[in-house]
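# Architecture and fold: a report
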Amino acid sequence: MPSYRLIFLFGFLIPIFVAGQTTSLSISGSVKDGKTATALSFANIVLKKALDSAFAAGTITNEAGRFELGGIGPGEYLLQISLTGFKPETRPVLAGKLSAFLNLGTIELQQDTQLLSEVTVRANRPDGVDTKLDKKTFTIENNVAQAGGSLLQALRNLPGVTTDGDGKIQLRGSENVTVLADGKQTALTGFGNAGALDNIPASAIEKIELINNPSARYDANGGAGIINIIYKKKAQEGFNGKVGFMLGAGALWQKKKSLPSIRPQYQGTPKVNPSLTLNYRKKNYNLFFQGDYLYNKTLNKNDFTDRFFSSGDTVRNQVKRNRITTVGTLKSGFDWQMNASNSFTVYGLFSSEYVRDYGDIPYFNNKLSERSRLWQFYEDEVNTAATGAASYQHKFPEPGHLLQVAANYTFHREDEKYFLTDTRPTYTGRDTFMLLADENVTDLRVDYFRPLKSGRVEAGAKFRRRTIPTNMRFFPGINSPLDTNAGGEAAYLETIPALYGNYVYESKRFDVEAGMRVEYVRLNYRVNPDHNTYKSEGYSYTQPFPSIRLGYQLNSSDKLSAFYNRRVDRPDEVDIRIFPKYDDPEILKVGNPGLRPQFTNSIEAGYKKILAAGSLYTALYYRTTNGTITRIGTIRPNSTIIYSVFQNAGRSSNAGLEAVYQQSWSKSFSFNINTNIYKNTINAFTVENKYPVPTTFTAGDESAVSGNVKINALADLKPGFNLQITAIYLAPDIIPQGKIRSRYSVDAGMKKGMQGGKGEIILNATDIFNTLRTAREIRGTGFRFSSTDYYETQVLRIGYSYKF
């Protein structure tokens, strides 16, 4: 890397996301006569700060003897209860950071007029920074450098999160990530393929929750953790909203010139992203609407590969994919507060994505002097997703005491048509195949929450039914490469009932969250009986998934934490799909119906230090996975076609150190640095690829130390004018059968407020130096290849938004 880029990379940089904070909670309880157990109404309730007895809040009990104090900040307090004719009561209260509600239970007053002596308790200094054990929250609005782009692009700047050109997301070096939308797993965010996030506009998202160690309340899938995206929804009274419009252009210059005799790469690709948010809140009703449209012309793939075979053959080729994507997303619904105790919410989400790919794959000899063949393809794909959800909430008299019932239905249709032209010196062949897959998912769940004096209890149940019938049809031309006997119909049938219980306790120094989730899974995959390789498969299991988190407050500025959980990654339908995918006809991707789940055990120890104008968080973590799911490439005898098939490759592990340092140097400048260093290990394994003919692959132990560094800097140059710079470096890493080389990029953005803070103009650029590319080296039995993908990463955008 040139020295001036190193200086730029590590010298200037800021948080594009601002950590969400728990700033207040509610304290409740009831007051009774200690002798008769009669509820005492109109008792005076006063909350004072323990350190200096300063007034914090006050109220009186209602006719049922109940009281509630809201808007209380974390810290230590004294609660004073008094009523004429009764002895006053004073109790210490710890307002912690793990629960939004505290229930002090029943407080009994004795019929005595004697005053209690004063109680003095030293208070902790609230640090003003989110110290929740379960998640970190980041807002999208402050992400100036990625505004106008996709959600996948915005995710790449989160601490511990990395992405690549194939749309894969990693947390701390592991790909086993579950992505939720408003706490739910949907077809839009992907049940197993996060690549769909590249087609969700970031403008539709309010914030992102990053959960490295999920509790038992969450589904057990996602061994590396959970990313929960929260859609925008306003809470202001009356009519309000926001309108925005972004324009952009990418691929401003070529990273690498194409091989001879193919169609040109896309350059100067346009991007258009209008968005509209509307909200109307009146008394007990709230109506909301979110609409986004994304037009994106892009050089989606530009992969140059050199393949070397033990026979002495060498093949050099390029996979160039020009893509045009249009996506429309609509979300609308309403909240109805029926009365003080009951509320109801209904919403619908609809997305339509139209993708057109124009691809060229030329194949040359080693010296590029002779082209043996040219594949050209056109792909026409329509993805339609729709979600309908309804939820009911009952509030018991005690604040935070809740019963929630929810139903969620998701439909996703994948309609893909693929036209392939094979041009050779002696003939030209034309082939077509069509895939239709309909996904239907029904979720039902019940959750119960009850606050305690020093924490809360949670319990619930969930039921999921998921079906995906698929149909693949092949229409071969002359000398077709298509395997027509591998087509036909298949059906994916999944049933998952689950139960969970969770307990949270918090004292002055010590806090704990412990839970257990039990899931039963039954999966059946029905295959066309005429398929030439695979037969119907399935599995079932009942498994416990415990989780525990411990925290110890050393003092007002230092805290220790420890975590353990067990999680699972189940093969998704695309992982076991039996149909070969011909986006590169000589490196075919095939599923495996015999694939089984992988189970992961994770432990972590963390330390957080609150500084005068910032914080430091460090964590040591270790994960072990049994039945590791990965693709394995093999070739059959006398062939140069590589078949990449999903397999369970045995045991793997991931151990590392993560550090997040954030600091405000002044009112106008702040930055954060996220460093993650880890060691990936893949133990020796032997597997058999059954398609198209049985082929055995054996690998020895592999391990490598890798990591990444992210630096973000934010400058408020003057009121209403913000500058953001983000730099990312990803070190080399191992992947099954090979390794991936280092990557780095720099993004920047500016935002200028206007019109009294209602309007703003945004200008940003991603991958300023056009350096980001993905390079891999793969070794298999009888072959090896190296590839570098020079896909589009440099994009300039300008936009305007207005709040009303």
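Let me sum up the structure you'll find in this document. Counting of residues starts from 1 at the beginning of each chain's written sequence and follows it residue by residue. For this predicted model, a pLDDT threshold of at least 70 governs which residues receive local features, and a threshold of 80 or more governs which side-chain atom pairs are given and counted, while totals over whole chains, interfaces and linings are taken from all residues. The side-chain figures draw on all heavy atoms in the structure; neither hydrogens nor water molecules are used.

Bringing the overall build of the protein into the picture now. Scanning the protein from terminus to terminus reveals three helices and 44 strands. Out of the 804 residues belonging to the protein, those deemed buried represent 54%. Under the convention used here, a 1.4 Å probe and the Shrake-Rupley method define accessible areas, while residue burial counts only the protein chains that appear. Surface exposure of the protein reaches about 33,200 Å², of which carbon and sulfur atoms provide 56%. The helix and strand labels rest on DSSP assignments: H or I over at least four residues marks a helix, E over at least two residues marks a strand, and numbering proceeds from the N terminus. With a 1.4 Å probe rolled over the protein chains alone, any residue whose accessible area is under 20% of its type maximum counts as buried; one over 50% counts as exposed, and the rest are partly exposed.

Our focus in this paragraph is the environment of Tyr-534. Along the polypeptide, Tyr-534 turns up in the loop between strand S24 (510-527) and strand S25 (537-553). According to the relative accessible area criterion, Tyr-534 is buried, its value standing at 4%. Sequence spacing of Tyr-534 and Pro-593 is 59 residues, and the spatial spacing of their C-alpha atoms is 7.2 Å. The contact rule is simple, with two residues in contact once any of their heavy atoms fall within 4.5 Å. When neighbours within four sequence positions are excluded, Tyr-534 is seen to be in contact with Val-527, Ile-578, Val-590, Gly-591, Asn-592, Pro-593, Val-645, Lys-690 and Tyr-691. For the purposes of these results, a polar contact is taken to be a pair of N or O atoms within 3.5 Å, where, inside protein, one atom must be able to donate a hydrogen and its partner to accept one; residues adjacent in sequence count only when each atom of the pair is a side-chain atom. Reaching out from Tyr-534, the side chain makes a polar contact with the backbone oxygen of Gly-591 at a distance of 3.1 Å.

Time to look at the pattern of salt bridges. Any Lys or Arg side-chain nitrogen found within 4 Å of a carboxyl oxygen on Asp or Glu counts as a salt bridge. By the definition in use, this model includes 36 salt bridges. For Arg-741, the salt bridge is made with Glu-777, and the minimal N-O distance between the two is 2.7 Å. Here Glu-777 lies in strand S42 (residues 774-780) and Arg-741 lies in the loop between strand S39 (738-740) and strand S40 (743-754), a separation of 36 residues in the sequence. Exposure remark for Arg-741: the relative accessible area of 34% places this residue in the partly exposed category. Each of Asp-219, Glu-439, Lys-462, Arg-466, Glu-494, Arg-517, Glu-519, Arg-570 and Asp-572 takes part in a single network of salt bridges with overlapping partners.

Let's shift gears to the sheet that holds strand S3 (residues 55-60). One open sheet accounts for four strands, arranged S3-S2-S5-S6; its pairing is antiparallel. Strands with a single pairing partner mark the edges of an open sheet, and in this sheet they are S3 and strand S6 (89-95). The sheet shows a mean angle of 20° between the axes of neighbouring strands, direction not considered. Of the pairings in the sheet, the one linking strand S2 (residues 44-49) to S3 comprises five bridges and is antiparallel in character. What sits directly across from Ile-45, in S3, is Thr-59. By definition, two strands form a pair when at least two bridges between them are found by DSSP. A fitted line through C-alpha atoms serves as each axis, taken over the contacting stretch for helices, and the angle formed by two N-to-C directions is quoted from 0 to 180°.

With respect to the helices, strands and loops of the structure, Asn-221 is situated in the loop between strand S12 (205-211) and strand S13 (225-231). Ignoring any residue separated from it by four or fewer positions in sequence, one finds Asn-221 in contact with Thr-178, Gln-185, Arg-567, Val-568 and Arg-570.

The next subject is the nonpolar core. With 50 residues, the main nonpolar core has Phe-433, Tyr-525, Tyr-541, Ile-578 and Phe-783 as its most contacted residues. Here, nonpolar core refers to any group of buried Ala, Val, Leu, Ile, Met, Phe, Trp, Tyr and Cys residues whose side-chain atoms link them within 4.5 Å. Phe-138, Val-179, Ile-205 and Ile-227 belong to the second largest nonpolar core, which has 24 residues in total.

On their own, these measurements won't tell you what the molecule is for.
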